[in-house]
Each structure stands twice: as C-alpha cells, then as structure tokens.
Number of protein chains: 2
Amino acid sequence: MLSAQLADFIGQCCFDNFPETTVHMAKLAFLDWLGSAAAGGGQPPACMALAVVRGQGGSSQASLLACGEKTSCLHAALANGIASHIIELDDVHRASIIHAGAAVMPAALAVAEMTGASGRQLLEAIVAGYEVAIRIGEAVTPSHYYFWHTTGTCGTFGAAAAAGKLLGLDKEQLVWALGNAGTQAAGLWEFIADGAMSKHLHPGKAAQNGVLAALLAKEGFTGATRILEGERGFCRATAPRFDLDKITAGLGKPPFKVEENSFKIHASCRHTHPAVDVTLALAARHKLKPADIAAITVRTYRTALDITANHHPKTVYAAKFSLPFCVALALKAGSCALGDFNPENLGDGEIRELMSRVALVLDDALDALHPARWPAVVEIKTVSGDTCRERTDFPRGDPENPVTVGELVAKFHALAGGPWGEGRARALAEAVLNLERVENVATLF
Amino acid sequence: MLSAQLADFIGQCCFDNFPETTVHMAKLAFLDWLGSAAAGGGQPPACMALAVVRGQGGSSQASLLACGEKTSCLHAALANGIASHIIELDDVHRASIIHAGAAVMPAALAVAEMTGASGRQLLEAIVAGYEVAIRIGEAVTPSHYYFWHTTGTCGTFGAAAAAGKLLGLDKEQLVWALGNAGTQAAGLWEFIADGAMSKHLHPGKAAQNGVLAALLAKEGFTGATRILEGERGFCRATAPRFDLDKITAGLGKPPFKVEENSFKIHASCRHTHPAVDVTLALAARHKLKPADIAAITVRTYRTALDITANHHPKTVYAAKFSLPFCVALALKAGSCALGDFNPENLGDGEIRELMSRVALVLDDALDALHPARWPAVVEIKTVSGDTCRERTDFPRGDPENPVTVGELVAKFHALAGGPWGEGRARALAEAVLNLERVENVATLF
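Quick notes on the rules
- Residues numbered from 1 in each chain as written.
- Chains lettered and ligands numbered in written order.
- Predicted model: local features only at pLDDT ≥ 70, side-chain atom pairs only at ≥ 80, totals over all residues.
- Heavy atoms only, no water.
- Helix = DSSP H or I, 4+ residues; strand = E, 2+ residues; numbered from the N terminus.
- Rg over C-alpha atoms; globule rule 2.2 N^0.38 Å.
- Buried < 20%, exposed > 50% of the residue type's maximum accessible area, 1.4 Å probe, protein only.
- Lys, Arg positive; Asp, Glu negative; His and termini not counted.
- Charge placed at Lys NZ, Arg CZ, Asp CG, Glu CD.
- Least-squares fit on C-alpha atoms with pLDDT ≥ 70 in both.
- Contact = heavy atoms within 4.5 Å.
- Pairing = 2+ DSSP bridges.
- Buried area = accessible area lost by both parts, 1.4 Å probe.
- Salt bridge = Lys/Arg side-chain N within 4 Å of Asp/Glu carboxyl O.
- Polar contact = N/O pair within 3.5 Å; in protein donor to acceptor, adjacent residues only side chain to side chain.
- Nonpolar A, V, L, I, M, F, W, Y, C, P; charged D, E, K, R; others polar.
- Expected span 1.5 Å × (residues − 1).
- Domains from an automatic or database assignment.
- Core = buried A, V, L, I, M, F, W, Y, C linked by side-chain atoms within 4.5 Å.

For the overall build of chain A, give the residues involved together with the corresponding values.
Across its full length, chain A holds 20 helices and 6 strands. Its C-alpha atoms give chain A a radius of gyration of 22 Å, within 12% of the compact-globule value 22 Å for 445 residues. When the backbone C-alpha atoms are referred to their principal axes, chain A occupies close to 75 × 45 × 40 Å. Considering chain A as a whole, with its 445 residues, one finds that 64% of them fall into the buried category. Each charge class in chain A can be summarised by its mean position, and for the 39 positive and 45 negative side chains these summaries are 2 Å apart.

As structure tokens, then:
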C-alpha cells in the first residue's frame, strides 16, 4: 500500500538524519518561497483572496504574509498559497513539473505557526512535503499534465504530508490524510485559454486542502487507504499512463527530492534563462555596454523559440516571454530581475535597438539534447570587430548549475525588501538561513 | 459558451417567474435537506468536522446546524455539507446520480444567512443551484461516475451557482465563479473500498468550494470561461463520454430540475424501497400483524437482489441493505424510519422469525424494466389461508410516485426532532413550508 509506505517515510522523516545538503536546500527553498509570496502578495489576485479571507474572520493562528495580520491556519494556507505563484519566480522541479514550494510551504508554515513548531520541525515538514508531492508528480507526469495542473493536484498530497508531519499524525492518520488529500486534489489547465487567475488559486487550494485533510485525520476522519494505486483512485482517474514505482523507489534514502529543486533568478520565462545567463556572463567578462554591440546570435532548442521568439512584445508580461527583449535587457540593465520588467524598459529606445540586432537560430544539435538539457549558445560581435561566444546546457538555478546562496539572498531582498522593508527582510533572511536554530517558527513573523 | 448560458440562466432565475410546483418542490427539498443535516450532524464524521471548524474560528455569519453556533460562511458550508450526506436519507436525482441537496443547500443557506437574503432569494438560489448541478451531472453521467463522485464534482458547480445568485454576481462574475468551481471540483470513488468518510467530505467541499469560487469572483478573481466544453476543461478531463447538449437544452424553461428530485422516506438502501412500500400498503389495508403472516414472496429486479439479498445482517448498517430485514421491519414496526434501525430491532426475535419466511425471487419481466423503473411485487400469505399481493414500479418519493407533504414533514420531525427538539423542529418546518414569506433567512436559525 503506497500511502502506508509514504506514511512510514513521513513519520520517520527526522532532522537528525538529514545530510547537510538536504538541510541547506530546504532552507534555500523556504527563503525562495518567502520572496515569491512577499512579491506576489501585493498583486491583484492575492489582494482579492485576502479580501475574501479577511471577510470570513478566523482565530489568530498563522500569518497572512502580505499584510502581517494573523488569521486561521486554513485561511493563511489559502491566501499565502495564492500569493506564492503569481510572479512566476517560485521554484520548480523539472521531472515532475511541480512548483512544490507554492503548495507545500504555505501549508507547512501555517501549521508550524499554529503549533509553535521549531525550525527543525518545519524543515522536516518541508522535506516530507516536497518528497511526497514530487514523487507522486513524477509517477503521473507527463500524461497527467495535459488536463491537470500538477502543482495543484500533486501539491495537495505534499501539503497534507507537511501538515500531517507537523500535527504529529500517527501512521493510520497519515494514510487517511493522504486519502482525503487525493480525493480533494484538483486544478484544470483550462484557465490557460483565458489567462485566468485560477493558476494562482491552485497552489492555494492545494495548501489549504492538504491542511484540512490532516486536521480532519487528527480528529479520526478516515480516508481511502489506496488513494494512489486503487482501482478508482487518483492515478487511474487522472493519468492515462503512470509509473507507481516512482513513488517508492529509494524512498527514505538521501538525496531527497528537495535537493533536485530548480530556482529561478530571472523574472522571465524559464526558456529565456540559458541565453540570459550566457549574455550576462559575456557582458561581465568583456565589460560590454549596449553601445559596444554590433550583433547577437542566440542558438538554442526548438521549444525555446516556439515560445519566446517574439521581437515585438507589447506588454511587460509579454516581454517576459520575449527572448530578444530578455537578452537586450540583460545587456542594458545587467540583470533580468522582477523590477527590471517595467514600462520604462519596455519602451526604452536602446533596448529596442539592441533587440533588433538579436538573431535567433534553431540549432538541431542543441535541440536533440532537450529537455534533458536546456542549452543555448550566445555569440556577440562588437562594433570594434571582436567576437565572443559561450554555451550553457542548464539554466542557472538548476541542480546541475546551482545559484549561490548570495544570489538567492539577493533575489529574496529584491522581492521582499519592498513589501516588507529592507530591515525586516534582512533579519528574516538571516533567521531562515539559520532555521535549524529557530525555537518557534511563530516568532519569525 | 456554456458557462455564459448558465450565467444568463442564473442571473435571470426569478421567483416571480417560477410555477407553483417549482416553489413547492424547492421548499420540500430544503426541508428534506434540513432533516438530513440535523440527523447527520450528530454522527461521528460531522462531529470531527465540527471540531476542526471550531478550532479555526470565524466571523458569525452562518449557522453550524449541528450545534446552533454561528461561524464564517465558508466554514458553515463545509460543516453542514459534511453533515448532509451521512445518514443516506438525502434527496437524489436519478439521471444525474447527484445528491444535489447535500452540495447546493449548505452553500445556499450559508450565503443566504450571511447576506440576510429573503426566503424568495433563497428559493431562487436553490432552483439555480439544482439546475446547474443536475444538468452538468446529466451531461457527464454515467462515464464520469466510475471514478468521480458526481455529488462532489458537479455539486461544486451547483454550489457556486447558488452562492453566486445570492451574492448578486453579474454575468461575467458568474462565468468566473463557474470556472473556478470547475477547477476545484473533486471527489474520487476510491473511498468506497474502505467505506471511508471521504464520502461525506465530498458534498461539504463541493459546498465550500462553490462558495469560495463565488466570493472570489465578486472580488474580480477571474476563471476559465469555457470550463465545461474547453479543450482542457472539466468534461474532457473527467468523462470519456459526455453530452454537452444536456447542459443547455430547454434551459430556463420549466419544469426545472428540482422538480425531478427523488425523496427517500425509508432509512434503508433505495433498492429495498419498492418492496417496503408495497409491504406497508398491504399491511395497512389488510390490518396484518406479524403473527398473521405465513409467508412473504418478493419478486423484483436483479440489482436489488445483488445488493440486498441478505437474510443474516449482523450490524444495523448491514440491516439497511437487507431486503428481508426491511420487509419484516415494515410489518413489525409499521415503518422503516431512521430510528427503527436500531440494535433492538436487529436482534428482535419476531423480526428474525418473519425474515425467515421472506422468499426473494428474481423476476425477469420486472428486471427488463430496470433501471427506467424499479419494480417489485410482494405477495403475502396469512396463517388463515388468505393471499394478498401488490406491485409498484417506482419507489415512493420518485417524481412518478411522490410522497405527500405530510410524509416529508413526518420524516423531517423524525430526523430533526431529536437533535433540535420537537418544538423548534415544528416551527422550522412551518417556516420552511412558507419560505416565500420569510423576510430574512438568518432569522430561521
């Protein structure tokens, strides 16, 4: 019984047994999520959710990150989950196509605050939640992904695992919680046709539904014991093809799934990231300014061109999906951070001029490597006649090409410094990077 | 666009245009649901949900029916929805296989209390909610039903429709609410393998998720505009075969779907109802006592025998699925109400003796009529040598064989009188039967 095996893992998940790299990555994932939730919290969909949650009231159990108020654990999980995914800078796991942080973290934090958990307990919940969400995601991806937004569906299991861990559920209760997570799991891709806000609702509901499943289980509310593999269970109902072995193969042994996490440091479509990475590296090494550039050629894989070969983005949002814009922005601004995507840069004459000199080329050799690798080669010719060139196979932030702690902290400050204030953001980053020494997570907020 | 057509219907749904039969049936459905929620509210799954909801707190907006306390609208919808479906006496719609009341009513009542709606407004919301839930259910049944518990999935749309009507959403907002109802819709049949409590969670979540979708829409939170028919929408994701015409054919014209509702008056498996109906009728007409009975023969369709041909039920719950027990109970007690299914009657010597004289016979002619009809013939031989016999083709409570208002009121008293007290139950029944004259629904509780 898969749920029982997952329940054993969740129950035994123990900080003392975590390798240092696990703890390190779990802390970075938490910091990274906080930044996304901070910046997302000020966006319209998050404000709308906040209005709904405030209108309902609730006991002071957990923080609404966007405003600092306390509300009930279930409401905090919902509102913070909705805020997590809006600016599209939250972490992602390649093989499962899950933004695990957006679903697991809001659940873990809300329950940790409610129960007064320690930093170590929160880290255990994060590791357990990521493991469960990602493994189930790997089992049903890609066939599940056509209709179902995996972050919403599989995220619910991860949220239940994290919440159940923090609530101290026993094995039977954890099985019930997973059962009632699976029977609540939802999230359809149909929103994409309208660009509707449902995309943000999904991780919020995953977080809240997972917490609800765990809270109910603690009271004795039973759930299906074979929700994953059962004849009328989650996998058969939502995935034409699935591989149940991926849920349990190697379960409980490091490295844990949280270590496979990819972080985004540029606030643009991930398919623009390889070329942006290389452009930034070349510009820094050769001290290139926009006025130095005669021509730029980007060779890359087909999917990147399918999605980002747009030389004339009309909105700031569209600019995030324009490879010429992102490369030119990198040269002009020296970064592609959230704040760099603004109306001024969108209309900037120098950036537009640079964009016109960016040639995009489909490279069959690079395309053959995708999606195991996401490669790009950037070649820059200067007005003085020099040529420089560089290649990457993995966008920065992938496990194969990790970002530094300093970069992630800088990203956090860029996202959280505005809404939360520089001082508070600095203190919070410091505390999160030492999370294992925090005695009560509730004191963080 | 189907959601837009449904939104037009919801927006235009107006008490003043309802035929008298629509109003009559909607009031009976509301009364019937209240009885189920009252009796279910004292059962363990409802008590567990109540503990969770109480633990979260919330503004005083709507009633937790089980305890009379007020809580937030979203919490009331959840807890009352979970209570609705536990004792299995709630209403059902045959063609869609939906217990519409269990999902729609908790949503409608919670929002009506919060907004101080009138009885007429509540009736509009009920009619709109039943129409939307049942039509979508008809469109995807039966293929959807293998994996998905339609009461949970399609019920979410109905709850959103009812909540959206009471919140006064405009057409665009109603479309968004339906979109975000569909993207939250969930509920897998896997619980049945364990007999897990998830079955009760489903209508509770349908009610709560529908209300959430409507509350968010009122704030401007957008949803998919083609959630039903879209390429990655609800129907394609959850039903191998579906008929979208059923969603809109005749939409807006009476008779409304609430009029197709079936009520249960016996607290047993619906497949026992035809024989119980006939047995009660024969016993009353011929003044039969258990001591008068020499033999009873029940001829019926195969499915009834597959499920209920159990002469030796060991638990009160199993007795509800035993045709011999139900027939004997009807003769001894004169009814098969919730209170009649108790340990005393389960072990009663006279009932056991009567059960041994009940013969069950598969009747091919009757079987050929199923499931369009649910027929049974009961023949009773008395010790004095007389024989009487009667047939029914529809269990009482089906639209083709309606129960009287008096019977439904008696059922309500049997269910609600204990938990709520006879006096209060009587006043409530009186008020509900005159719901169109109630100025503020919040004053009912």
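Got a sec to walk through the relation of the copies chain A and chain B? Specific residues and values, please.
Turning chain A through 180° and shifting it by 0.1 Å along the axis lays it on chain B, with an RMSD of 0.2 Å. What the rotation and shift describe, once combined, is the action of a two-fold rotation axis. Closest to the rotation axis within chain A is the C-alpha of G58(A), separated from it by 1.9 Å. When the interface residues of chain A are mapped onto chain B, 100% of them again lie at the interface, so the same face is used by both copies.

So, the pairing of strand β5 (residues 376–382) of chain B: which residues are in play, and what are the values?
Residue and element names in this part refer to chain B. For β5, the tally of buried residues reaches 6 of 7 residues, placing the bulk of the element in the interior. Note: strand β3 (residues 293–300) against β5, 7 bridges, orientation antiparallel. Residue pairing across strands places V298 opposite V378, the latter belonging to β5. Between β5 and strand β6 (residues 387–392), which pair antiparallel one after the other, the connecting turn spans 4 residues, and G385 there sits at a positive phi close to 95°.

Which residues make up the interface of chain A and chain B, and what are the values?
Between chain A and chain B, the contact holds 62 residues from the first and 62 residues from the second. When chain A packs against chain B, close to 4900 Å² is buried across both sides, 60% of that on carbon and sulfur atoms. Counting the contacts that link chain A with chain B gives 0 salt bridges. In this structure, the connection of chain A to chain B is made through 32 residue pairs in polar contact (both at pLDDT 80 or more). Counting only elements with at least two residues in the side of chain A that touches chain B, the list comes to α3 (44–56), α4 (73–84), α8 (171–182), α9 (198–218) and α10 (234–238) of chain A. Of all the elements, α9(A) adds the most residues to the side of chain A that touches chain B, at 8 residues. Residue classes in the side of chain A that touches chain B are distributed as 31 nonpolar, 23 polar and 8 charged.

Outline helix α12 (residues 273–286) of chain A, supporting the account with residue identities and numerical values.
Residue and element names in this part refer to chain A. The first and last C-alpha atoms of α12 sit 20 Å apart over 14 residues, in line with the 20 Å expected at 1.5 Å per residue. Every buried residue belonging to α12 is among H273, P274, A275, V276, D277, V278, T279, L282 and A283, and all of these are buried. Residues of α12 that are buried make contact with β3 (293–300), α15 (323–333), β5 (376–382) and β6 (387–392). Note on α12: the residue one or two positions beyond its end, K287, has a positive phi of about 50°.

Please give an account of the domain arrangement of chain A that cites residues and values.
All names here are of chain A. For chain A, the domain assignment lists domain 1 (2–265 + 403–444) and domain 2 (270–392). Between domain 1 and domain 2, a total of about 650 Å² is buried, with carbon and sulfur atoms accounting for 61% of that surface. Per-residue buried area on domain 1 facing domain 2 is highest for R94, K264 and I265; these three make up 50% of the total on that side. Counting the contacts that link domain 1 with domain 2 gives 0 salt bridges. Classifying every residue of the side of domain 1 that touches domain 2 by side-chain character gives 7 nonpolar, 1 polar and 2 charged.

So what about the nonpolar core? Which residues, and what values?
Judged by nonpolar contacts, the single largest core of 236 residues is most densely connected at F30(A), L228(A), F234(A), F30(B), L228(B) and F234(B). Discounting chain neighbours no more than four positions away, the residues touching L228(A) are L2(A), S3(A), L6(A), I136(A), F157(A), F234(A), C235(A), L244(A) and I247(A).

I'd like a description of the pairing of β3(B), backed by residues and values.
Two elements, β3(B) and strand β4 (residues 358–362) of chain B, share 5 bridges in a ladder whose sense is parallel. Note on β4(B): the bridge partner recorded for T300(B) is L362(B).

Give me the lowdown on the pattern of salt bridges, citing residues and values where you can.
For side chains of opposite charge, pairing can occur when their charged atoms come near one another. All names here are of chain A. This model, assessed by the stated rule, comprises 48 salt bridges over all chains. Two residues, E113 and K70, come together in a salt bridge whose shortest N-O distance is 3.1 Å. Note that E113 is positioned in helix α5 (residues 100–115) and K70 in strand β2 (residues 70–71), a separation of 43 residues in sequence. Assessed through its relative accessible area of 34%, K70 is described here as partly exposed. Across the pair D398 and R270 runs a salt bridge whose closest N-O atoms are separated by 2.7 Å. Here D398 is found in the loop between β6 and α19 (405–420), whereas its partner R270 is found in the loop between α11 (245–248) and α12, with 128 residues between them in sequence. Of the two residues examined, D398 and R270, each falls in the buried class. Salt bridges linked by common partners bring R94, R270, D398 and E400 together as one network.

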